[in-house]
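Residues per chain, in single letters:
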Amino acid sequence: MGLNISDGKLKLVDIFEDQKLTSYEEVFARLEQMVMRLLGDNIPVTDIVIEANAFQKGLCSDRQLLNMQDRYGFAIRSHLTNDNKYDEEIGIASMARDCRLGMIDLPYAEDTYTRHVVDELIDQMKRWRPHIKGARLRQDRLMALWFGWILWRERRGSEFFSPDQFNFSGMPYRPTHSGLIVPIGAR
């Protein structure tokens, strides 16, 4: 998922989900394609956020990603969700306020591709329920949006958000300061 932070909003600029990626090489090739696409559209890539569970755990320290970091200059952020996603103030459900206020901008263009990928994200937002595992309820796009939302809220200096609210045993990075990429479907 490609997100851009501009005009005080969190803007979705790209989604690509492929659950058939089976090797780090495939993940990194797709990630580099997305980085190059965003840079080609003059969207700076400042952060890559990777949920560091299971298959993805070794991605953050893999030489290929570190080389990509050297080439493009982005920060690598590993994320362990744990129970933070259920928190009333900073969890997934708390994104609803910013959606209602129009602070999260989801494109809905005339083309069928954009509508299809955004519809799936919206469906995941509507179906999400606390304490239901991802194996029972698809939530990859929603989780990717939430990872970006965490960083965006911290960078806004929101009165409703402080990084100190997070259980950092579950999240090993403290967000830094506006484009970011959150790979999804790399499982």
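Given the structure is predicted, the values throughout are model-derived calculations rather than measurements.

Reading the values: rules and limits
- Residues numbered from 1 in each chain as written.
- Predicted model: local features only at pLDDT ≥ 70, side-chain atom pairs only at ≥ 80, totals over all residues.
- Heavy atoms only, no water.
- Helix = DSSP H or I, 4+ residues; strand = E, 2+ residues; numbered from the N terminus.
- Buried < 20%, exposed > 50% of the residue type's maximum accessible area, 1.4 Å probe, protein only.
- Areas by Shrake-Rupley, 256 points an atom, 1.4 Å probe, with all protein chains shown as cover.
- Phe/Tyr/Trp six-rings, centres within 6.5 Å; stacked < 30°, edge-to-face > 60°.
- Lys NZ or Arg CZ within 6 Å of the ring centre and 35° of its normal.
- Core = buried A, V, L, I, M, F, W, Y, C linked by side-chain atoms within 4.5 Å.
- Contact = heavy atoms within 4.5 Å.
- Salt bridge = Lys/Arg side-chain N within 4 Å of Asp/Glu carboxyl O.
- Polar contact = N/O pair within 3.5 Å; in protein donor to acceptor, adjacent residues only side chain to side chain.
- Axes fitted to C-alpha atoms, helices over the stretch in contact; angles between N-to-C directions.
- Parallel < 35°, antiparallel > 145°, perpendicular 65-115°, else oblique.
- Nonpolar A, V, L, I, M, F, W, Y, C, P; charged D, E, K, R; others polar.

Caption draft 1: Seen up close, the overall build of the protein chain. For the protein chain, the count of helices and strands is five helices and six strands. Seen in sequence order, the protein chain has helices and strands lined up from the N terminus as β-β-α-β-α-β-α-β-α-α-β. The burial tally for the protein chain puts 47% of its 187 residues in the buried class. Carbon and sulfur atoms provide 50% of the accessible area of the protein chain, an area that totals close to 9,400 Å².

Caption draft 2: Expanded view of the packing of aromatic side chains. Throughout the structure, instances matching the rule amount to three aromatic pairs. With a centroid separation of 5.9 Å and 50° between ring planes, the pair formed by Trp-146 and Phe-147 is classed as tilted. Exposure class is identical for Trp-146 and Phe-147. Each is buried. Positioned above the aromatic ring of Phe-16 is the side chain of Arg-30, whose terminal nitrogen or guanidinium carbon lies 3.6 Å from the ring centre.

Caption draft 3: Just the nonpolar core, in detail. By size, the foremost hydrophobic cluster in this structure holds 23 residues, and its most contacted members are Met-1, Met-95, Leu-145, Trp-146 and Trp-149. At the level of secondary structure, the elements contributing two or more residues to this core comprise strand E1 (2-6), strand E2 (9-14), helix H4 (112-127) and helix H5 (140-156). Ignoring any residue separated from it by four or fewer positions in sequence, one finds Trp-149 in contact with Leu-10, Glu-89, Ile-90, Gly-91, Ser-94, Met-95, Asp-98 and Ile-104. The next biggest cluster of nonpolar side chains, apart from the first, holds 17 residues, and it includes Ile-43, Val-45, Met-68 and Phe-74.

Caption draft 4: Here's a closer look at the pattern of salt bridges. With the rule as written, the count across this model stands at 11 salt bridges. Across the pair Arg-138 and Glu-17 runs a salt bridge whose closest N-O atoms are separated by 2.2 Å. Taken together, the positions of Arg-138 in the loop between H4 and H5 and Glu-17 in the loop between E2 and helix H1 (24-40) put the pair 121 residues apart, joining distant regions of the chain. When its relative accessible area of 36% is taken as the criterion, Arg-138 is described as partly exposed. Arg-127 is the partner of Glu-120 in a salt bridge, and the nearest nitrogen-oxygen pair spans 3.5 Å. What makes Glu-120 buried here is its relative accessible area of 19%. Beyond isolated ion pairs, a larger network of salt bridges with shared partners links Glu-17, Glu-120, Arg-127, Arg-138 and Arg-141.

Caption draft 5: Focus on the environment of Arg-97. Tracing the backbone through its elements, the reader meets Arg-97 in helix H3 (residues 95-100). At 3.2 Å, the side chain of Arg-97 and the side chain of Asp-98 are in polar contact.

Caption draft 6: Geometry of the environment of Phe-16. Among the secondary structure elements, Phe-16 is positioned in the loop between E2 and H1. On the basis of relative accessibility, which here comes to 27%, the residue Phe-16 falls in the partly exposed class. In sequence terms Phe-16 and Arg-141 are 125 residues apart; their C-alpha atoms lie 9.2 Å from each other.

Caption draft 7: Structural view of the packing of H4 against H5. Taken N-terminus to C-terminus, the directions of H4 and H5 make an angle of 85°; their axes are 8 Å apart at the nearest point. One way to sum up the angle between H4 and H5 is to call them roughly perpendicular. Taking contact as the criterion, the partners of His-116, Val-117, Glu-120, Leu-121, Gln-124 and Met-125 in H4 are, on H5, Asp-140, Arg-141, Leu-142 and Leu-145. Looking at the contact of H4 with H5 residue by residue, the classes come out as five nonpolar, two polar and three charged.

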